[in-house]
Amino acid sequence: MNDYTKYLASRVTAGGLSRREFMGRAMAAGITLAVADKLFTERAEAAEPKRGGHLKLGLEGGAATDSKDPAKFLSQFMFCVGRCWGDMLVESDPLTGAAVPALAESWEPSKDAVTWTFKIRKGVKFHDGKELTIDDVVATLKRHTDKKSESGALGVLGSIKEIKADGGNLVLTLSEGNADMPLLLSDYHLVIQPNGGVEDPLASIGTGPYKLTSFEAGVRATFEKNKDDWRSDRGYVDSIEVIGMNDATARIAALSSGQVHYINRVDPKTVNLLKRAPNVEILSTAGRGHYVFIMHCDKAPFDNNDLRLALKYAMDRETMVQKILGGYGKVGNDFPINSTYALFPEGIEQRVYDPDKAAFHYKKSGHSGSVLLRTSEVAFPGGVDAAVLYQESCKKAGIEIEVKREPGDGYWTNVWNVQPFSTSYWGGRPTQDQMYSTAYLSTADWNDTKFKRPDFDKLLLQARSELDEAKRKDMYRAMAMMVRDEGGVILPMFNDFVNASTKQVKGYVHDIGNDMSNGYVATRVWLDA
Amino acid sequence: MTNPAPSNILPGLRLRQRFPLLALILERFVLSIILLFAVSILIFGGLEALPGDFATTYLGQSATPQAVANIRQDLGLNRPVTTRYVEWLGNAVQGDFGTSWASKNSVSEQIGKRLGNSLFLAGFAAVISVPLAVGLGMLSVHFRNRMPDKIINVISLAAISLPEFFIGYLLILFFAVKLGMATFPATVYDSMGFVERLKAIALPTATLVLVVLAHMMRMTRAAILSVMSSAYMETAELKGLGALRSIVKHAAPNALAPIINVVALNLAYLVVGVVVVEVVFVYPGMGQYMVDAVTVRDMPVVQACGLIFAAVYIFLNMIADILAIVANPRLRHPR
């Protein structure tokens, strides 16, 4: 079963596909009728979606300062709201993270991955009744790639040199080959709007399964079903209400009293208490976000690889996951990629806590005296506790860590990326290339470990335009090894996305792409009476 | 000429002699305006001195230098502080607080809505808590040092000792989660009916009442008690006036000034100090609005909120002073 069929099957389980749609798509993907039929029956018995009802979400992250302009989506609240009313050209497979069609039906790269041709879906209507055209697509991308744009996707799309329409197709020309181009278009800022949203970026008119009926920034957004939705495998509830709830206790109270059906950002400290509530289900999804301890490779004493290795071996990753994440996470291996990425380099040995090895490298480094680690609660939840835990595990290796707690206000300006050793957080990126390009490329603005290696940069650029998956995987493996053994990042853990719902909520898709079922939670679930 | 010449030179003095009350009120008013002006400088200067700036905070880790530069250019942050201050104040005086940097909406418009919500909640809490506090205060004076007085005191002291978020959580736990009686979250929105709105704010109102009740009640009690020890109260007692009647008719009016003061202070608190309650109950008021804006350094919003909060405080204090002067004629003639 290939990835696409796996995806289809998962959509059946989630109630997303009718039999006819499934058979059609599965057979188009090269599966025989008998196999497809059996596959569908198995999956369909697992779940039968219901339509109707009013879904209420209580989400952290909304603010009065939120903008309805997709280019400026930033908060978790707007991420989820945008996914309700808008569509991108491409989506990512919830299970594998690979690019799957949305408003773009299919795509074709040139041999060097510099020119990409996207076939745009026909017969899709915007909420105002106007039909989606290639011009809307071109205008949208042009708005987000304008050098003067304040779009959150500006960085992701930086390599696009030319955007043009060729018949019904979109043709993108890049300044350099990029095999991940389709996935980049799944960025949540890139909602296709009528004429790109140039005249009225705040109109919230899209092609998504729900129409926005009311919106108050940071307070509440309501939706009604889009009856003309071009897809039938989503949008099961009749209406949606998204309420901004920034207080963790308020979210928990609202969920356990049944006032909302779903909440995000459950605190690992209270998740076990919440579990006891009779009507509540904890939804934990492996994610790409990771907590890091960053050392600047170009500043003493961290310019010494033996000291860096010593500090890596002195990290007790298992304890971190248990104590700081409450068990809701996976141990890291000192490079920023985990198995949720397509082309994850498998089989790299897991680094474990080893005080002896740490002591050995520490001695070899010739460093003496304490090492100053700066931290704050804003670096990641439990940041200060994590630093103190680390201080303890280092002590056993004979390394003395001095923990300095910095004020949360201004942490990102004054400490992160400035001071030589601090704690921080990285959200995931859609592709390995993106993750490395953002934080490990020598010239990257956010190269917060000051990891500067020409051979790494060269490999990164090579991998970017390599269309052969096997070759590409090898390159990513080599890069991971460089970062793991010589980089400045200590990466103890990847945090799961911990959300919770009432038991009425069915069909939740654990999407590895991002939090809240990659933002699609409201369009994918249904309510059981 | 009957009119003495000096009065033309010193019209203020004449005004003061003829209408001492009006003069005092005017003086108080002018003072308030000056104070507000000084506060505006403090707010603007203080925010300028904050670490971190809007462009980087707003974009967070997804910021590119290009995007940061674009935003700074766009907002005119390169211009000198004084120019921006004068421009801001000039517009603010006309009720225009500019547009939010983050959402590009009109701040005045958004504040109109948020302030309305805050005033609605505060007003409702005041309507319940002020009469209740004054009434309970009188009652506890009447029963002083006996059982009802002690009960009132213990309960109100307990309420004031608990932080408001804790009271809020307790109310949520009992009335929303366990009993399922009350509406939670207390989110109100435009299309909501009045009755629905009242239902939604029941729990936050109860929290606020509990928080401010004790302060006002105890001040009422203390003020009346101090009047009760004066000679004319003894006279009232001796001439055979009933205890409750002498409290209400003779003691209470003379204790008005301190009571008005503490009530005003608590009203101001109800409007500007309820950030925590708004967050806990997910109530879209001014406090929540300002907190959101501070986190992303949305300066026009923070400045506007700061100025309005200051204005509410100054205005209510002014009203309290004026009412105290009206209630107590002795204050009209400074010694």
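If you look chain B up in an unreviewed UniProt entry, it shows as ABC transporter permease from Rhizobium acidisoli. Regarding chain B, the UniProt comment filed under Sequence similarities (unreviewed entry) reads as follows: "Belongs to the binding-protein-dependent transport system permease family." For chain B, the Subcellular location (unreviewed entry) comment in UniProt is given as "Cell membrane".

Named according to an unreviewed UniProt entry, chain A is ABC transporter substrate-binding protein originating from Rhizobium acidisoli. The record held by UniProt for chain A lists under Subcellular location (unreviewed entry) the comment "Periplasm". Turning to chain A, the UniProt record has this under Sequence similarities (unreviewed entry): "Belongs to the bacterial solute-binding protein 5 family."

Caption draft 1: Expanded view of the overall build of chain A. From N to C terminus, chain A includes 18 helices and 21 strands. For 529 residues, the compact-globule estimate of 2.2 N^0.38 gives 24 Å, and chain A sits close to it at 24 Å. On the principal axes, the C-alpha backbone points of chain A span a range of 70 × 55 × 50 Å. For chain A, the residues scored as buried account for 60% of the 529 residues in total. Nonlocal contacts in chain A, meaning residues at least 24 apart in sequence, comprise 70% of its contacts between residues at least 6 apart. On chain A, roughly 19800 Å² of surface is accessible, and the fraction owed to carbon and sulfur atoms is 51%. Across chain A, the 66 positively charged side chains and the 70 negatively charged ones have centroids separated by 1 Å.

Caption draft 2: Examining the side chain of Thr96 of chain A more closely. Residue and element names in this part refer to chain A. Tracing the backbone shows Thr96 in the loop between β2 (90–92) and β3 (99–101). For Thr96, a relative accessible area of 17% corresponds to the buried category. Here Ala98 takes part through its backbone nitrogen, which lies 3.2 Å from a polar atom of the side chain of Thr96.

Caption draft 3: Geometry of the pairing of strand β7 (residues 169–174) of chain A. Residues and elements named next belong to chain A. The buried fraction of β7 is high, at 5 of 6 residues. Bridging between strand β5 (residues 115–120) and β7 involves 5 bridges; their strand directions are antiparallel. In the sheet register, Trp116 faces β7, and the bridge partner there is Leu172. Pairing analysis gives 6 bridges linking strand β6 (residues 160–166) to β7, with the strands arranged antiparallel. From the neighbouring strand, Ala165 faces β7, where its bridge partner is Leu170.

Caption draft 4: Molecular detail of the UniProt feature "domain: ABC transmembrane type-1" (unreviewed entry) in chain B. Mapped onto the present numbering, the UniProt feature "domain: ABC transmembrane type-1" (unreviewed entry) falls at residues 115–320 of chain B. Note that residues 115–320 of chain B is 81% helix and 0% strand, and that its end C-alpha atoms are spaced 21 Å apart.

Caption draft 5: Fine view of the interface of chain A and chain B. At the junction of the two partners, chain A supplies 43 residues and chain B supplies 44 residues. Buried surface at the junction of chain A and chain B, summed over both partners, amounts to about 3300 Å²; 56% is from carbon and sulfur atoms. Contact with chain B buries surface across chain A, with Thr65, Glu150 and Glu216 of chain A losing the most and accounting together for 18% of the total. Between chain A and chain B we count 5 residue pairs in polar contact (both at pLDDT 80 or more) in total.

Caption draft 6: Structural detail: the UniProt feature "transmembrane region" (unreviewed entry) in chain B. All names here are of chain B. In the numbering used here, UniProt assigns the feature "transmembrane region" (unreviewed entry) to residues 21–44, 119–139, 151–177, 197–216, 255–281 and 301–327. Span residues 119–139 is 100% helix and 0% strand, its end C-alpha atoms 29 Å apart. Helix and strand shares over residues 151–177 are 93% and 0% respectively, and the end C-alpha atoms of the span are 28 Å apart.

Caption draft 7: Region of the structure containing the sheet that holds β5 of chain A. All names here are of chain A. Read across the sheet, 4 strands follow the order β4-β5-β7-β6 without closing on themselves; strand pairing throughout is antiparallel. Every other strand in the sheet has two partners, leaving β4 (104–109) and β6 as the edge strands with one partner each. Averaged over all pairs of adjacent strands, the angle between strand axes in this sheet comes to 20 degrees, irrespective of strand direction. Against the sheet, helix α5 (residues 134–145) engages β5, β6 and β7, with an angle of about 165 degrees to β6.

Caption draft 8: Representation of the pattern of salt bridges in the model. Residue and element names in this part refer to chain A. Evaluated as defined, the whole model comprises 30 salt bridges over all chains. Taking the shortest distance from any N to any O, the salt bridge between Arg265 and Glu60 comes out at 3.1 Å. Of this pair, Arg265 sits in the loop between β11 (262–263) and α8 (271–275) while Glu60 sits in the loop between β1 (54–59) and α4 (76–85), and the two are 205 residues apart along the sequence. Note that Asp334 is salt-bridged to Arg317, the shortest N-O span being 2.6 Å. A residue pair is termed long-range when its members are at least 10 positions apart, and Asp334 in the loop between β14 (329–331) and α11 (355–365) and Arg317 in helix α10 (residues 317–324) qualify at 17 residues. Comparing Asp334 with Arg317, the two get one shared label, buried. Overlapping salt bridges bring together Arg317, Asp334, Arg351, Arg484 and Asp485 as one network.

Caption draft 9: Structural detail: a nonpolar patch on the surface. Residue and element names in this part refer to chain B. A grouping of Leu162, Phe165, Phe166, Leu170, Leu173, Phe174, Phe175, Leu179, Met181 and Val276 is seen on the molecular surface, where their side chains present a nonpolar patch of about 870 Å² in accessible area. A total of 6 residues in the nonpolar patch trace back to one element, the largest contributor, which is helix α9 (residues 164–178). Classification of Phe175 by relative accessible area gives partly exposed; the value is 30%.

Conventions and cut-offs
- Residues numbered from 1 in each chain as written.
- Chains lettered and ligands numbered in written order.
- Predicted model: local features only at pLDDT ≥ 70, side-chain atom pairs only at ≥ 80, totals over all residues.
- Heavy atoms only, no water.
- UniProt positions renumbered as here; feature names shortened; annotations may be inferred.
- Helix = DSSP H or I, 4+ residues; strand = E, 2+ residues; numbered from the N terminus.
- Rg over C-alpha atoms; globule rule 2.2 N^0.38 Å.
- Buried < 20%, exposed > 50% of the residue type's maximum accessible area, 1.4 Å probe, protein only.
- Contact = heavy atoms within 4.5 Å.
- Areas by Shrake-Rupley, 256 points an atom, 1.4 Å probe, with all protein chains shown as cover.
- Lys, Arg positive; Asp, Glu negative; His and termini not counted.
- Charge placed at Lys NZ, Arg CZ, Asp CG, Glu CD.
- Polar contact = N/O pair within 3.5 Å; in protein donor to acceptor, adjacent residues only side chain to side chain.
- Pairing = 2+ DSSP bridges.
- Buried area = accessible area lost by both parts, 1.4 Å probe.
- Axes fitted to C-alpha atoms, helices over the stretch in contact; angles between N-to-C directions.
- Salt bridge = Lys/Arg side-chain N within 4 Å of Asp/Glu carboxyl O.
- Patch = residues over 30% accessible without salt bridge, like charges linked within 9 Å, V, L, I, M, F, W, Y side chains within 5 Å.

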